[in-house]
Amino acid sequence: QIVDLIRDRVGKELTNWFVTARSCGGKIGAIALKTVAERQAQALQDVVSDRPEDLGVVAAATNGDANAELAGAAAGSESAGSPGPGGAASSEQQPQATKKVRKNSLVRQRSRRSSEALIAWELRDPSSTVDIAEACIQRELPFAPVYQYLDIQNYLGEHEAAVAFYKKNRLPQTSLQTMINVDINKLRPGQFAKHFRPLIEKITGFFLIEASLARSVQLLTPFELGKLWDNILDEVVPAVEKE
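No experiment lies behind these values; they were computed from the predicted model shown.

## Observations regarding the overall build of the chain
Okay, so step 1: In terms of helices and strands, the chain carries ten helices and zero strands.
Okay, so step 2: Traced from its N-terminal end to its C-terminal end, the chain shows the element sequence α-α-α-α-α-α-α-α-α-α.
Okay, so step 3: Going through the 243 residues of the chain one by one, you find that 30% of them count as buried.
Okay, so step 4: A separation of at least 24 residues holds for 76% of the contacts in the chain among residues at least 6 apart in sequence.

The structure is reproduced here in C-alpha cells:
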C-alpha cells in the first residue's frame, strides 16, 4: 500500500508538471528567442565596431543567396517575355520574380531536415546559444517532478513503463492545435500572421525543454525529436506559404 501511495503521488506530480510545461513553454521559447536575437545583434555590432569594412561582407553573406536567386528569377522573366527599356524586366514580371524567389527560399528552408539541424546544433558555438538549463530550470520549469517519478519507477523496476507514460502525455503537446487552439488549415489568408509568433515561441519552448532534459535522462530519443520537428515543419511551412 505504501508503494502504491508513493507511485500515485509522483504520478500526480508529473501530471501537473505536464500541464505546467505546456503552459510555460511559450514563455521559455520567448526568452530563448529574445536572448538569441540580442546576442546576434551584439555580435554584429562588435564586427562593425572592430572592422567597419566587414559590414558589407556580413550583409552579403546574409542576403547573397536571396539576391542571386532574385537576379536569376528576373533573368528568367526577361527571357520568357519582352524586356522593358534597357533590357530590364517589365513591371509585371518583377513581382513574379520576387514571388518565385520567396517560394524557392521556403522550399530550400524546408529541405533543411532534422539530421542536418542536429549536426549544426552539435557543431554550434556554445557562446552563441541560449543556456537552456538557465532558461528552463532556473526561471520557469523545475524538473524535480520528472526526476522523482523516474527514480521511483526505476527503483520499482518499471523504467519502460515510466518512459511510455511520459511519451503518452508529452507527445500530444507537439500538436499545433494544442499550441494555438485553432486549425491552421482552416485559416483564411491574413489570419495566420497573428498566430505565428506565439506558435514559434511554443515550438521553441518545447524543444528547449526536451533538449535540457536529454542532458540527464533519455525520455525522447534524438530520432524521435527529429521526427517531431519534421512533422511540425510539414504543418507550419504550408501555412506560411499560404500566408
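Anyway, onward from the coordinates.
## Focus on the confidence of the model for the chain
Okay, so step 1: In this model, the chain carries an average pLDDT of 73, and 63% of its residues clear a pLDDT of 70 or more.
Okay, so step 2: By mean pLDDT, the top-scoring element of the chain is helix 7 (residues 159-170) (94), and the lowest-scoring one is helix 2 (residues 55-80) (45).
Okay, so step 3: Residue range residues 57-92 is modelled with pLDDT below 50. Its contacts to residues more than four positions away, or to other chains, number 31 contacts.
Okay, so step 4: Per-residue pLDDT stays below 50 along residues 106-114; that stretch engages in 17 contacts with residues further than four places along the chain or on separate chains.

## So, the environment of isoleucine 6
Okay, so step 1: The topology assignment puts isoleucine 6 in helix 1 (residues 2-50).
Okay, so step 2: For isoleucine 6, a relative accessible area of 37% puts it in the partly exposed group.
Okay, so step 3: Measuring from C-alpha to C-alpha, the distance between isoleucine 6 and isoleucine 152 comes to 8.1 Å, with 146 residues separating the pair along the chain.

## Side note on the nonpolar core
Okay, so step 1: The biggest cluster of nonpolar side chains holds 37 residues, and the ones touching the most others in it are Trp17 and Leu213.
Okay, so step 2: For this core, the leading source of residues is helix 1, giving eight residues.
Okay, so step 3: Once residues within four sequence positions are removed from consideration, leucine 213 is found in contact with Trp17, Phe143, Val146, Tyr147, Tyr166 and Leu219.

## So, the side chain of glutamate 201
Okay, so step 1: Here glutamate 201 lies in helix 9 (residues 193-213).
Okay, so step 2: The exposure class of glutamate 201 is buried, given its relative accessible area of 17%.
Okay, so step 3: Here glutamate 201 is in contact with Gly25, Gly26, Gly29, Ala30 and Leu33, once residues within four sequence places are set aside.

## Focus: the packing of aromatic side chains
Okay, so step 1: Evaluation of the coordinates by the stated rule reveals ten aromatic pairs.
Okay, so step 2: Each ring, one from tryptophan 17 and one from tyrosine 166, has its centre 6.2 Å from the other, and the planes form 35°; the classification is tilted. Of this pair, tryptophan 17 sits in helix 1 while tyrosine 166 sits in helix 7, placing them 149 residues apart in sequence. With respect to burial, tryptophan 17 and tyrosine 166 carry one shared label: buried.
Okay, so step 3: Judged by centre distance (5.9 Å) and plane angle (70°), the rings of phenylalanine 192 and phenylalanine 196 are edge-to-face.
Okay, so step 4: On the basis of relative accessibility, which here comes to 34%, the residue phenylalanine 196 falls in the partly exposed class.

Rules of the game
- Residues numbered from 1 in each chain as written.
- Predicted model: local features only at pLDDT ≥ 70, side-chain atom pairs only at ≥ 80, totals over all residues.
- Heavy atoms only, no water.
- Helix = DSSP H or I, 4+ residues; strand = E, 2+ residues; numbered from the N terminus.
- Buried < 20%, exposed > 50% of the residue type's maximum accessible area, 1.4 Å probe, protein only.
- Contact = heavy atoms within 4.5 Å.
- pLDDT = per-residue confidence, 0-100.
- Core = buried A, V, L, I, M, F, W, Y, C linked by side-chain atoms within 4.5 Å.
- Phe/Tyr/Trp six-rings, centres within 6.5 Å; stacked < 30°, edge-to-face > 60°.

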